[in-house]
Amino acid sequence: MVCEMETDQTEEMDIEVLSSMWPEDVGTQADNQFNVEKPAGDSDTLKEVDIAEKRTMADLKRLPELMNNTDQGSSQLTNLVKQWEYMQDHAVKLLREELKILTRQREEAEAKELKIIEEHNFETQEPENVPVLDDTSHLFRKFKHKKRDALVGSKRVEIDEEFDTVAYWKQKALSLEKMLEASTERERRLIEKLNESLKTMESHSAPVEELTQNLKRAEGFLHFILQNAPIVMGHQDKDLRYLFIYNKFPTLREQDILGKTDVEIFHGGGVKESEDFKREVLEKGKASKREITFETDLFGSKTFLIYVEPVYNKAREKIGINYMGMEVTDQVRKREKMAKLREDNAVRKAMESELNKTIHITEETMRAKQMLATMSHEIRSPLSGVVGMAEILSTTKLDKEQRQLLNVMISSGDLVLQLINDILDLSKVESGVMRLEATKFRPREVVKHVLQTAAASLKKDLTLEGNITDEVPIEVVGDVLRIRQILTNLISNAIKFTHQGKVGIKLKVISEPSFASAGAEEQNSLTETETSVWIRCDVYDTGIGIPENALPCLFKKYMQASADHARKYGGTGLGLAICKQLVELMGGQLTVTSQVNAGSTFTFILPYKVATSDDHSDDQDFSDMVDHHQPEPDDTTEGYFQFKPLLGSIYSNGGPVIGNNFLPHKVMLTSPLKLINSFVTDSSNNTAQSEMVQVENGGYMDETCSGPCPSKETESCSSSQASSEGGVLEMESELTVSSRVEEDKTETSKQPKILLVEDNKINIVVAKSMMKQLGYTFDIANNGVEAITAIKDTSYDLVLMDVCMPVLDGLKATRLIRSYEESGNWDAAREAGVDIKTSESEQVCVHSINRLPIIAMTANTLAESSEECYANGMDSFISKPVTLQKLKECLRQYLH
Amino acid sequence: MDTLVAQLQRQFRDYTISLYHQGFLDDQFTELKKLQDECSPDFVAEVVSLFFEDCEKLIGNMARALDQTGNVDFNLVGSSVHQLKGSSSSVGAKRVKGLCVTFKECCDSQNFEGCVRCLQQVDIEYKSLKAKLQDLFSLEQQIVQAGGRIPQVDI
């Protein structure tokens, strides 16, 4: 590095030192590491620097600190200079003082000499060309004086010779000569000393050596520290052009950097930012730090912590900035990683706590629900008893007031039972216990039955209608029980809120709705084997309608359109919630549209699998049956039903109709006479009428059907006999006589038909005896299969079913019977392996299927719990051993 | 003669009560008695004899099933036990019924030893009940023959 500083020796020296001081191992790099711009012209940057004088000594320990601050750093040099100057001055002062002393001594010596000369001026002839001057005279006097008391005092000339003799003078001259010699000698020594002093002064006049040493050490120290530090330092002028840069890992040569700005040198992310930052610091005049991430082609992605401070000259004017950058990429990455981890952690923690909260809430809810369900179940059993007894009581002779009270009692009981059943249903759905069953069923039949049931208990002047479009398949697969429940619920709801006009069900096939398409991917795999169809079902009415603001909460639990409605119409407010949940459980959607005072339409769309022809095994006898039944139109294809109100229709049974599996008094075969009265078929439609096979009290009214309609009743009666012959009764031989006798009696007294399903002979004998005493007779089946066969052929009013039986137990048999009631066919039974004979009396299938009361006879063991009986569709139970009282109560409850 | 009838009647009453107290019979037997009327004067005897026939048959079945050493069909035994339990329950043969419950448990747990023991006990029990009931019936007959009426025994 060549430096052409000509102004200041110190400065020059400084620069020279810089270049020469780098150790050999970095020598080649020093060139680039320490780039100092050749100062333009005479401008001396360092000279301009305003220096705060603080230290007179260069402190090595302060050097790194000093180097951070250019002001301080440059002041150090100046300090050294000042110190040197001061030392110089001091030396000069000392020399001058010495010189002064010497001069005075010489003067004294001269004065003494002069005095001597003076003394001898007139005594000797010794020519003396001493200038006699005023000045000197004074000097001489002084000299004389001095000579006397100070200088020559001790060397007083001793003259032994007689005064004023030649010898005397000679002697005196001689001694004076000696004195003069000594004086001269002293003078010479003094001069010598002076010279010596000057010489040493000369050696003192070069403290540069020392300074150089200091600087060298400082430089070495700095280099030692900075050798591996990832630090870039630099100084930039007002225009942010580099004047100086130190970079440990340089990639650019000095000429590429010096005199240029950041923007000119680098390209990429962060460059502009750093430039702006530097400018900001320059403008504000306040040192500050910032972290900047660079993304340059030159050194990739690196983050620097940059410190920038403004630099002033002595006039307090800004002349540029110093900047120092340290690469902190790894630290930043680590920090960011940590931050991210911490953030993730926090998020995870938050989620965890949220989840815990949710779990906790869910658990609580589940527990509460479970509790509710358990409670409900516990309440239901005794309540059934209460309601049942009340109903029995209502059949006895009561006065008007008593009857009224009893009716209130029954309807309240009904409501509570309904509520409990609803709660049980809901908790079943919500806890995921509810299982859907896929059974084949006929939508038309379901609609018809629902309407029929509704019509049976209709108290109002309403027309019920069903409309099913032709494209709706005759048979589909779905959970018919639930669908029926939904329909019944919606219909009874509609009836409840409609005072005149009509209530109806409309079925039609629609294309797959949009909400289902999302999940269609998975379904597609299914669709390959089985075609599915979406059926839209509208349940409409011309009732009071629902105000728009009440629509959102309509499907919420325990909510009704308004408190007023709740009072006026009663109900639990659970029905629609259950419907919605059931529909959603089956993958459908339940919606409602309504207009106040004009009516409401509840629409649910559900996917069904179409019963394809290839699983005809179950279907066969149906098609057979249809064939046999031509030309009579069957309701498998019938698409329109109407149930018109009949004036003066006899209404006898209280309580709303609900799809209630477990309410015995509700689902029992209510006096069929009502059905006929409220059920007037279309004039064009004989089918419906032909189906009305049952009349009052479960007996058979052969006369009514003896006319145009085929007398299925007679056939079914005979078929019951036929079935006895068909081996249903093992005990027949023993019991025939009495049962025949009873049968005869029955015909006249319209005896209810009872079927006892029991495998134990003793039990049969005992039961028979009891029945006899109670005035009833019954048929006997020895197991579930026989029971089904008997039920298929004969219309019973009550079944007493043993639970534990060989071949097919009571629970399974009951399930199959219920399935038949729902679907109208015995497919489920066939699937279960029951050999259903398709006897000549095919018509049996066309029985109007009403729910057959089935009473379980349980041994009350764990395996035969009452709960299980209910769950399998039984209506009640008698615990074994059967006593006369229990049997009596049961028969009373169910046979009226 | 009246003293004989009274004595017989007292004997009958005591005997009946002892049967109840010793746990041979329970209320269901009373139920049966209630079912007996003029139309079927021998109803209880008929049912009971039916029951003992049943016992004999079922116990025979069970013994055969349990005899299949190493290859006992406990389900088969169990179903017979169930039958017996039902029957005994219906006639009010309390002890037999109680044994059947234990017997059934042994079957369910496939406890061969227990089953055999229960079978033996059931066999003894039903036979002793049979004997006792025969005594009871003969007492009844004696009363009837002596021209007395069978007294109602309230337990």
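Residues numbered from 1 in each chain as written. Chains lettered and ligands numbered in written order. Predicted model: local features only at pLDDT ≥ 70, side-chain atom pairs only at ≥ 80, totals over all residues. Heavy atoms only, no water.

Novice: Could you give an account of the overall build of chain A, with specific residues and numbers?
Specialist: Along chain A, the regular secondary structure elements total 32 helices and 20 strands. Across the 896 residues that make up chain A, the buried fraction comes to 46%. A separation threshold of at least 6 residues defines the contact pool for chain A, and within that pool the share at least 24 residues apart is 71%. As displayed, chain A has an accessible area near 47600 Å², and 54% of this comes from carbon and sulfur atoms. (Helix = DSSP H or I, 4+ residues; strand = E, 2+ residues; numbered from the N terminus. Buried < 20%, exposed > 50% of the residue type's maximum accessible area, 1.4 Å probe, protein only. Contact = heavy atoms within 4.5 Å. Areas by Shrake-Rupley, 256 points an atom, 1.4 Å probe, with all protein chains shown as cover.)

Novice: Describe the overall build of chain B, and please don't skip the residues or the numbers.
Specialist: Across its full length, chain B holds six helices and zero strands. Traced from its N-terminal end to its C-terminal end, chain B shows the element sequence α-α-α-α-α-α. In chain B, which comprises 155 residues, the share counted as buried stands at 47%. Counted over contacts in chain B with a minimum sequence separation of 6, partners at least 24 positions apart contribute 67%.

Novice: Account for a nonpolar patch on the surface, naming residues and giving values.
Specialist: A grouping of F221, F224 and I225 of chain A is seen on the molecular surface, where their side chains present a nonpolar patch of about 310 Å² in accessible area. Within the element layout of this structure, F221 of chain A appears in helix 8 (residues 208-226). (Patch = residues over 30% accessible without salt bridge, like charges linked within 9 Å, V, L, I, M, F, W, Y side chains within 5 Å. Salt bridge = Lys/Arg side-chain N within 4 Å of Asp/Glu carboxyl O.)

Novice: So, the confidence of the model for chain A: which residues are in play, and what are the values?
Specialist: Residues and elements named next belong to chain A. When pLDDT is averaged along chain A, the result is 70; 64% of the residues meet or exceed 70. Predicted confidence for residues 146-154 stays below pLDDT 50, and this span has 17 contacts to residues more than four positions away or in other chains. Under a pLDDT of 50 for its full length, residues 839-847 has, in the predicted model, 22 contacts with residues more than four places off or in other chains. (pLDDT = per-residue confidence, 0-100.)

Novice: Tell me about the UniProt feature "modified residue: Phosphohistidine" (unreviewed entry) in chain B, residues and numbers included.
Specialist: Residue and element names in this part refer to chain B. The UniProt entry lists H82 under the feature "modified residue: Phosphohistidine" (unreviewed entry), expressed in the numbering used here. Relative to the elements of secondary structure, H82 occurs in helix 4 (residues 74-91). When its relative accessible area of 18% is taken as the criterion, H82 is described as buried. (UniProt positions renumbered as here; feature names shortened; annotations may be inferred.)

Novice: Can you lay out the packing of helix 3 (residues 43-67) of chain B against helix 6 (residues 112-145) of chain B for me, pointing to particular residues and giving the numbers?
Specialist: Residues and elements named next belong to chain B. It is at 11 Å that the axes of helix 3 and helix 6 come closest, and there the two elements cross at 160°. Considering their axes alone, helix 3 and helix 6 lie roughly antiparallel with respect to each other. Along this stretch, helix 3 crosses helix 6, giving a crossing that reads as left-handed. Each of V44, A45, V48, F51, F52, C55, E56, I59, M62, A63 and L66 in helix 3 lies in contact with helix 6, whose residues at this interface are F112, C115, V116, L119, V122, D123, Y126, L129, K130, L133 and F137. (Axes fitted to C-alpha atoms, helices over the stretch in contact; angles between N-to-C directions. Parallel < 35°, antiparallel > 145°, perpendicular 65-115°, else oblique. Left-handed = near helix turned anticlockwise from the far one by under 90°.)

Novice: Now, about the environment of L481 of chain A: what can you tell me, with residues and values included?
Specialist: All names here are of chain A. Among the secondary structure elements, L481 is positioned in helix 15 (residues 480-496). Residue L481 is classed as partly exposed on the basis of its relative accessible area of 30%. Between the C-alpha atoms of L481 and L436, which are 45 residues apart in sequence, the distance is 8.9 Å.

Novice: An account of the interface of chain A and chain B is needed here, citing residue identities and associated values.
Specialist: At the interface, 20 residues of chain A touch 22 residues of chain B. Between chain A and chain B, roughly 1700 Å² of surface is buried when both sides are summed, and carbon and sulfur atoms account for 57% of that area. On the chain A side of the contact with chain B, I762, Q773 and P881 of chain A bury the most area, a combined 30% of that side's loss. At the boundary of chain A with chain B, the tally comes to seven residue pairs in polar contact (both at pLDDT 80 or more). Considering each element in turn, the side of chain A that touches chain B owes the most residues, nine residues, to helix 27 (residues 761-774) of chain A. (Buried area = accessible area lost by both parts, 1.4 Å probe. Polar contact = N/O pair within 3.5 Å; in protein donor to acceptor, adjacent residues only side chain to side chain.)

Novice: Could you give an account of the pattern of salt bridges, naming the residues involved and the relevant values?
Specialist: With the rule as written, the count across this model stands at 28 salt bridges over all chains. Between D538 of chain A and R536 of chain A there is a salt bridge, and its shortest N-O distance comes to 3.1 Å. E31 of chain B is paired through a salt bridge with K34 of chain B; the nearest N and O atoms lie 3.4 Å apart. Of this pair, E31 of chain B and K34 of chain B both sit in helix 2 (residues 27-35), three residues apart, roughly one helical turn. A relative accessible area of 9% means that E31 of chain B is categorised as buried. Through salt bridges with shared partners, a single ionic network connects E185, R188, R189 and E192 of chain A.

Novice: For the sheet that holds strand 20 (residues 876-879) of chain A, give the residues involved together with the corresponding values.
Specialist: Residue and element names in this part refer to chain A. In spatial order, the strands read 17-16-18-19-20; together these five strands make up an open sheet with parallel pairing. Unpaired on one side and paired on the other, strand 17 (779-781) and strand 20 mark the two borders of the sheet. Each strand axis lies, on average, 20° off the axis of its neighbour in the sheet, ignoring direction. Relative to the sheet, helix 28 (residues 784-793) contacts strand 16 (754-757), strand 17 and strand 18 (798-802), its axis offset from that of strand 16 by approximately 165°. Relative to strand 18, helix 29 (residues 810-823) is tilted by about 150°, and along the sheet it contacts strand 18 and strand 19 (854-858). (Pairing = 2+ DSSP bridges.)

Novice: Before we move on, can you summarise the packing of aromatic side chains with the specific residues and values?
Specialist: All told, the structure shown has seven aromatic pairs over all chains when counted by the stated rule. Seen in terms of ring centroids, Y168 of chain A and W169 of chain A are 5.1 Å apart; in terms of plane orientation they differ by 75°. Their pairing is edge-to-face. W169 of chain A gets classed as buried once you look at its relative accessible area, which sits at 12%. Judged by centre distance (5.3 Å) and plane angle (50°), the ring pair of F51 of chain B and F52 of chain B falls under tilted. Residue class for F52 of chain B comes out buried when judged on its relative accessible area of 5%. (Phe/Tyr/Trp six-rings, centres within 6.5 Å; stacked < 30°, edge-to-face > 60°.)

Novice: Run through the nonpolar core, naming residues and quoting values.
Specialist: L800 of chain A together with F51, F103 and L133 of chain B are the most contacted members of the largest nonpolar core, which has 74 residues in total. For this core, the element with the highest residue contribution is helix 3 of chain B, accounting for 13 residues. When neighbours within four sequence positions are excluded, L800 of chain A is seen to be in contact with I754, L755, L756, V757, M771, I855, M857, I878, L887 and C890 of chain A. Of all hydrophobic cores here, the second largest spans 52 residues; its members include A455, L464, V472 and V503 of chain A. (Core = buried A, V, L, I, M, F, W, Y, C linked by side-chain atoms within 4.5 Å.)

Novice: For helix 14 (residues 443-456) of chain A, give the residues involved together with the corresponding values.
Specialist: A turn of α-helix holds 3.6 residues, and therefore any two residues three or four places apart point the same way. The end-to-end C-alpha distance of helix 14 of chain A is 20 Å, a good match for the 20 Å that 14 residues give at a rise of 1.5 Å each. The buried fraction of helix 14 of chain A amounts to 13 of the 14 residues, a majority that puts the element mostly inside the structure. (Expected span 1.5 Å × (residues − 1).)

Novice: Now, about unusual backbone geometry: what can you tell me, with residues and values included?
Specialist: Residues and elements named next belong to chain A. Phi is positive for L240, close to 60°, though the residue is something other than glycine. In this structure, L240 sits in the loop between strand 2 (231-237) and strand 3 (242-247). Despite not being glycine, N597 shows a phi value in the positive range, around 70°. Counting through the fold element by element, N597 comes out in the loop between strand 13 (589-595) and strand 14 (599-610).

Novice: Tell me about the pairing of strand 5 (residues 288-296) of chain A, and name the residues and values.
Specialist: Residue and element names in this part refer to chain A. In this sheet, strand 5 lies alongside strand 4 (residues 268-269) in antiparallel orientation, the contact comprising two bridges. Counterpart to G268 in the pairing with strand 5 is T296. Relative to strand 6 (residues 300-312), strand 5 runs antiparallel, the two sharing nine bridges. In the strand pairing of strand 6, K289 is matched with Y307. Connecting strand 5 to the next strand, strand 6, in antiparallel fashion are three residues.

Novice: Now, about the pairing of strand 16 of chain A: what can you tell me, with residues and values included?
Specialist: It is a general feature of regular strands that their side chains alternate between the two faces of the sheet. Residue and element names in this part refer to chain A. With burial as the criterion, each face of strand 16 is covered, one bearing I754 and L756 and the other bearing L755 and V757. The pairing of strand 16 with strand 18 spans four bridges and is parallel. In the sheet register, L756 faces strand 18, and the bridge partner there is L800. In the classification by handedness, the crossover that spans strand 16, the intervening helix 27 and the parallel strand 17 is right-handed. (Right-handed = clockwise from strand over helix to strand, strands pointing away.)

Novice: Just give me the short version of the packing of helix 27 of chain A against helix 32 (residues 884-894) of chain A, but keep the residues and values in it.
Specialist: Residues and elements named next belong to chain A. Across the interface, helix 27 lies against helix 32 with an axial gap of 10 Å and an inter-helix angle of 60°. Between helix 27 and helix 32, the crossing angle belongs to the class labelled oblique. Once helix 27 is placed against helix 32, the crossing between them reads as right-handed. Where helix 27 approaches helix 32, its residues A767, M770, M771, Q773 and L774 are matched on the opposing element by L884, L887, K888 and L891. Each residue belonging to the contact of helix 27 with helix 32 can be placed in one class, and the counts come to seven nonpolar, one polar and one charged. (Nonpolar A, V, L, I, M, F, W, Y, C, P; charged D, E, K, R; others polar.)

Novice: Give a description of the side chain of D875 of chain A that names residues and reports values.
Specialist: Residues and elements named next belong to chain A. Position of D875 relative to the elements: it lies in the loop between helix 31 (866-871) and strand 20. Look at D875 and you get buried, because its relative accessible area is 2%. Within the local environment of D875, its side chain forms a polar contact with the side chain of R851, the two groups lying 3.2 Å apart.

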